[in-house]
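# Working through the structure, step by step
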Amino acid sequence: MPERAALLERPGPPQPSGPRPLTLPLGLLKTARPRQWVKNVLVVAAPAAAGELFSRHSLSQLAIVFVLFTAAASAVYLINDARDADADRAHPTKCRRPVAAGQVPVPVAYAVGGLLAVLAPTTAAALCTPLTAVLLAAYVVMQLAYCVSLKHVLVVDLAVVTTGFLMRAMIGGLALGIPLSRWFLITTGFGALFMVSAKRYSEAVQMSASAEKLGATRALLTEYTTGYLRFVWQLAAGVAVLAYCLWAMESGGTANGSLLPWRQLSMAAFVLAVLRYAVFADRGTAGEPEDVVLRDRALAVIGVVWLAMYGLAVADW
């Protein structure tokens, strides 16, 4: 029996200890929010609207701008999560974020975020136009100010997030020296405000049953009323539709021998897309805009039809 007990007490083979080699890189990648990178596709908006998307120079410049904007946005996410690590640990879902969970040390998140925040504008100054670098630097400064204080200021928080989307749409045009039309800026700006305010409205609706959860999720939501947020997204949707229709009607009819008045026809698809998205906003289920856009088949079909008509209008086919 003693021999058997001794055998049972013998230590087994040594177990691996310490973090896995890929834990830190994967944690940094997750903190950079890869799912959010789809937003940066907006950098092609201005060149596409101007019909200057498919030249070799345009594609190479836009690829560079996409990567640099992604780096700038990732820098903001890293610094934001490092700053909010203590608060995130007390949150039921945000506690799983790599920085809050300890997968990425706070100093490392700050260091990598700071490095990307500096590299993105400086690389843009070397590889793109000066205005591109200025806009990218302004984006980083604005978003860091948002992380520190502006996200706690009523209405200003909506304006900052909306401006971030507008900057994405502008930067491709600035990189290629394309003039940005007033209709493009108005439609894009208010379209972004529509989606941002609909997201806030959905978050407020979903959390309205529990004041504690509401405050823990996004403290500023306790200061907004659902009625106010509904007013904002309805106003923004109306202005975006009006601006788009004014752009579409500007030509008056078929242009340069086009087969059909594609500009005017695209209004129907644009309005349908806004109305379809408003269904989810009204239900309070537009809290994740990328999920709404990617998962709703009807909205996807409408979007494809609109893109086809818009492309034909730009090409004057």
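Refer to the structure above for everything that follows.
## Quick look at the overall build of the protein
- Of regular secondary structure, the protein possesses 14 helices and 0 strands.
- Counting the 317 residues in the protein, one finds 41% classified as buried.
- For the protein, the proportion of contacts with a sequence separation of at least 24, taken over those separated by at least 6, is 70%.

## Side note on helix H11 (residues 226-249)
- Taking 1.5 Å per residue, 24 residues should reach 34 Å; H11 reaches 35 Å between its end C-alpha atoms and fits that length.
- Taken as a whole, H11 has its buried residues at Leu-229, Val-232, Trp-233, Ala-236, Ala-237, Ala-240, Val-241, Ala-243, Tyr-244, Trp-247 and Ala-248.
- Lining the buried residues of H11 we find helix H8 (156-176), helix H9 (182-207), helix H12 (262-283) and helix H14 (297-315).

## Looking at the packing of H9 against H12
- Packing of H9 against H12 brings their axes to within 9 Å, and their N-to-C directions diverge by 20 degrees. Classified by the interaxial angle, the pair formed by H9 and H12 is roughly parallel. Judged by the twist between their axes, the crossing of H9 over H12 is left-handed. Contacts between H9 and H12 pair Thr-187, Phe-194, Met-195, Ala-198, Tyr-201 and Ser-202 from the former with Phe-270, Val-274, Tyr-277, Ala-278, Phe-280, Ala-281 and Asp-282 from the latter.
- Residue classes in the contact of H9 with H12 are distributed as 10 nonpolar, 2 polar and 1 charged.

## Side note on the environment of Gly-227
- Looking at the secondary structure, you find Gly-227 in helix H11.
- A residue is classified by how much of its surface remains accessible, and Gly-227, at 48% relative accessible area, is partly exposed.
- Counting along the chain gives 26 residues from Gly-227 to Tyr-201, while the straight-line C-alpha distance between them is 8.6 Å.

## Observations concerning the nonpolar core
- With 31 residues, the main nonpolar core has Phe-194, Leu-229, Trp-233 and Tyr-277 as its most contacted residues.
- Elements represented by at least two residues in this core include exactly H9, H11, H12 and H14.
- With 10 residues, the top contributor of residues to this core is H11.
- Once residues lying within four places of it in the same chain are set aside, the contact partners of Leu-229 are Leu-158, Ser-197, Arg-200, Tyr-201, Ala-204, Leu-221 and Tyr-224.
- Counting residues in each nonpolar core, the second largest holds 25 residues, with Val-65, Ala-72, Ala-73 and Ala-133 among its members.

## Examining unusual backbone geometry
- For Arg-33, which is not a glycine, the phi torsion comes out positive at approximately 60 degrees.
- Its place among the elements puts Arg-33 in the loop between helix H2 (23-31) and helix H3 (45-50).
- Overall, Arg-33 belongs to the buried group, its relative accessible area being 18%.
- Residues other than glycine seldom take positive phi values, yet Val-155 does so here, at roughly 70 degrees.
- Looking at the element boundaries, Val-155 is found in the loop between helix H7 (130-148) and H8.
- We classify Val-155 as partly exposed; its relative accessible area is 42%.

## With respect to the environment of Trp-247
- Residue position: Trp-247 is located in helix H11.
- Residue classification places Trp-247 among the buried residues on the basis of a relative accessible area of 13%.
- For the pair Trp-247 and Phe-184, spaced 63 residues apart in sequence, the C-alpha to C-alpha distance is 8.2 Å.
- The residues touching Trp-247, leaving out its near neighbours within four places in the chain, are Trp-183, Arg-263, Ser-266 and Tyr-310.

## Focus on the packing of aromatic side chains
- Scanning the entire structure with this criterion turns up 12 aromatic pairs.
- For the pair Tyr-244 and Trp-247, a centre-to-centre distance of 5.3 Å together with 50 degrees between the ring planes defines the contact as tilted. Of this pair, Tyr-244 and Trp-247 both sit in helix H11, 3 residues apart, which is roughly one turn of that helix.
- Exposure remark for Tyr-244: the relative accessible area of 4% places this residue in the buried category.
- Seen from their ring centres, Trp-247 and Tyr-310 are 5.4 Å apart, and the 25 degrees between their planes marks the pair as stacked. Within this pair, whereas Trp-247 is found in helix H11, its partner Tyr-310 is found in helix H14, the two being separated by 63 residues in sequence. A single burial state applies to Trp-247 and to Tyr-310, both of which are buried.

Each value, and the rule that gives it
Sequence order sets the numbering: in each chain, residues are counted from 1 along the sequence as written. Where totals are concerned, whole chains, interfaces and linings use all residues; where local detail is concerned, this predicted model gives features only for residues with pLDDT of at least 70, and gives and counts side-chain atom pairs only at 80 or more. For side-chain calculations, the full set of non-hydrogen atoms in the structure is used, while hydrogens and water are omitted. Numbering of helices and strands runs from the N terminus, with a helix taken as a DSSP run of H or I at least four residues long and a strand as a DSSP run of E at least two residues long. Remark: exposure states derive from per-residue accessible area (1.4 Å probe, protein chains only) relative to the maximum for the residue type, with buried under 20%, exposed over 50%, and partly exposed in between. Between two residues, a contact is recorded if the distance between any of their heavy atoms is within 4.5 Å. Expected helix span is given by 1.5 Å per residue-to-residue step, counting one fewer step than there are residues. Axis definition: a line fitted to C-alpha atoms, limited for helices to the stretch in contact. Angles are taken between N-to-C directions and run from 0 to 180 degrees. Angle categories are assigned with fixed cut-offs, so that under 35 degrees is roughly parallel, over 145 is roughly antiparallel, 65 to 115 is roughly perpendicular, and the rest are oblique. By convention, the crossing between two helices is left-handed when the near helix turns anticlockwise from the far helix through less than a right angle, and right-handed when the turn is clockwise. Amino acid classes used here: Ala, Val, Leu, Ile, Met, Phe, Trp, Tyr, Cys and Pro are nonpolar; Asp, Glu, Lys and Arg are charged; the rest, including Gly, are polar. Definition used in this section: a nonpolar core is a set of buried Ala, Val, Leu, Ile, Met, Phe, Trp, Tyr and Cys residues joined via side-chain atoms within 4.5 Å. The pairing test for Phe, Tyr and Trp rings, Trp by its six-membered ring, is centres within 6.5 Å, and the orientation test on the planes gives stacked under 30 degrees, edge-to-face over 60, and tilted for anything in between.

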